Amino acid sequence: MHRFNEADAGAAEEALLACCGSHRWALRLTAHRPYPDIESLLAAASEASYDLRPADLAEALADESWMPQPLLGMRAPGSQAAHTALRAAHAAYEARFGHVFVVCLEGVAPEEMLDTVLHSIRTRLANDPDEERLIAADELRRIALTRLEHLVATHSGAAAR
């Protein structure tokens, strides 16, 4: 926590942007430092996530689309047919909603990821765009909190060595 609190504003913002691609979110968390503990930082991050405007959410979702990773669920074990179905589901989702599919997989076992992602995409394809925007925003919030928690833990562990 100390390293995050003491980092210059640019470095803190850059680290936060790796957790959530909304500049407004990152600036808000940077501006409210110092945080007494990780719980306070996570609470502030969660609150800032709920305050994302549609443009902020679009910016964060666009950031997710260019991250150097395969389609969500593609690294999970499964048959070729399941991976083909997953690629098709990702494409259908992006065509319907205009952004990448996001879902928090924290706590999901690797052998369950492909089925979890495929089920989630198929279920959410039935949503209307406004409902899906709310769900995507909440999933993005959960992902950002997980990334932020790992970021602070990693930097705290490095500082303790």
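Just so it is clear, the model here is predicted, and its values are computed rather than measured.

Time to look at the layout of surface pockets. Empty space among the atoms becomes visible once a probe the size of a water molecule is rolled across them. Quantified by volume, the second largest pocket comes out at close to 230 Å³. In terms of lining, the second largest pocket is formed by Ser49, Tyr50, Leu52, Arg53, Pro54, Leu57, Asp130, Arg133, Leu134, Ala137, Asp138 and Arg141. Taken together, the elements giving at least two residues each to the lining of the second largest pocket come down to helix 4 (38-50), helix 5 (54-66) and helix 8 (129-160). Broken down by element, the residue count for the lining of the second largest pocket peaks at 6 residues, all from helix 8. Residues of the lining of the second largest pocket, tallied by class, amount to 6 nonpolar, 1 polar and 5 charged.

In this section: unusual backbone geometry. Residue Pro34 follows Arg33 across a cis peptide bond; omega there is 5 degrees. Counting through the fold element by element, Pro34 comes out in the loop between helix 3 (23-31) and helix 4.

Turning our attention to the nonpolar core. In terms of nonpolar packing, the biggest core is built from 43 residues, with Trp25, Leu41 and Leu148 touching the most fellow members. Among the elements of the structure, helix 2 (9-17), helix 3, helix 4, helix 5, helix 6 (80-97), helix 7 (110-124) and helix 8 are those that each provide at least two residues to this core. Among the elements that take part in this core, helix 8 stands out by supplying 8 residues, more than any other. Those residues in contact with Trp25, other than ones at most four positions away along the chain, are Leu16, Cys19, Cys20, Ala45, Ala48, Ser49, Leu52 and Ala144.

Below, the discussion takes up the packing of helix 6 against helix 7. Remark: helix 6 packs on helix 7, axes separated minimally by 10 Å, with the N-to-C direction vectors making an angle of 35 degrees. Along this stretch, helix 6 crosses helix 7, giving a crossing that reads as left-handed. Along the contact surface, helix 6 presents Ala82, His83, Ala85, Leu86, Ala89, His90, Tyr93 and Phe97, while helix 7 presents Leu114, Val117, Leu118, Ile121, Arg122 and Arg124. A breakdown of the residues in the contact of helix 6 with helix 7 according to their chemical character gives 10 nonpolar, 2 polar and 2 charged.

What follows concerns helix 6. With 18 residues, helix 6 extends 26 Å from end C-alpha to end C-alpha; this agrees with the ideal 26 Å at 1.5 Å per step. For helix 6, the full list of buried residues reads Ala82, His83, Leu86, Ala89, His90, Tyr93 and Phe97. Summarising the axial view, the buried residues of helix 6 lie within an arc of 120 degrees, below the 170-degree limit, and thus occupy one face. The outward face of helix 6, more than 90 degrees from its buried face, is lined by the exposed residues Gln80, Ala81 and Ala95. Immediately beyond the C-terminal end of helix 6, within one or two residues, lies Gly98, with a positive phi of roughly 80 degrees.

For the structure shown, the criterion picks out 1 cavity of 30 Å³ or more. Quantified by volume, the largest cavity comes out at close to 30 Å³. Looking at the largest cavity, the residues that line it are Arg24, Trp25, Arg28, Ala48, Asp51 and Leu52. When residues of the lining of the largest cavity are assigned to their parent elements, the largest contribution, 3 residues, is made by helix 3. In terms of residue class, the lining of the largest cavity is made up of 3 nonpolar, no polar and 3 charged.

On to the confidence of the model for the chain, then. Of all residues in the chain, 88% have pLDDT values of 70 or greater, and the mean over the chain is 89. Below pLDDT 50 for its whole length, residues 157-161 participates in 2 contacts with residues either more than four positions away or in separate chains.

Below, the discussion takes up the packing of helix 2 against helix 3. Where helix 2 meets helix 3, the axes come as close as 9 Å, and the angle between the chain directions of the two elements is 130 degrees. One element, helix 2, and the other, helix 3, form an angle in the oblique class. The handedness of the crossing between helix 2 and helix 3 comes out as right-handed. Facing helix 2, whose interface residues are Ala9, Ala12, Glu13, Leu16 and Leu17, helix 3 presents His23, Trp25, Ala26, Leu27, Leu29 and Thr30. Residue composition of the contact of helix 2 with helix 3, grouped by class: 8 nonpolar, 2 polar and 1 charged.

Thresholds applied
Residues numbered from 1 in each chain as written. Predicted model: local features only at pLDDT ≥ 70, side-chain atom pairs only at ≥ 80, totals over all residues. Heavy atoms only, no water. 1 Å grid on protein atoms, 1.4 Å probe; cavity = no way out; pocket = protein on both sides within 12 Å on 5 of 7 lines; lining within 4 Å. Points joined across faces, edges and corners; volume = space filled by probe spheres on them. Helix = DSSP H or I, 4+ residues; strand = E, 2+ residues; numbered from the N terminus. Nonpolar A, V, L, I, M, F, W, Y, C, P; charged D, E, K, R; others polar. Core = buried A, V, L, I, M, F, W, Y, C linked by side-chain atoms within 4.5 Å. Buried < 20%, exposed > 50% of the residue type's maximum accessible area, 1.4 Å probe, protein only. Contact = heavy atoms within 4.5 Å. Axes fitted to C-alpha atoms, helices over the stretch in contact; angles between N-to-C directions. Left-handed = near helix turned anticlockwise from the far one by under 90°. Expected span 1.5 Å × (residues − 1). Arc of directions from axis to C-beta. pLDDT = per-residue confidence, 0-100. Parallel < 35°, antiparallel > 145°, perpendicular 65-115°, else oblique.

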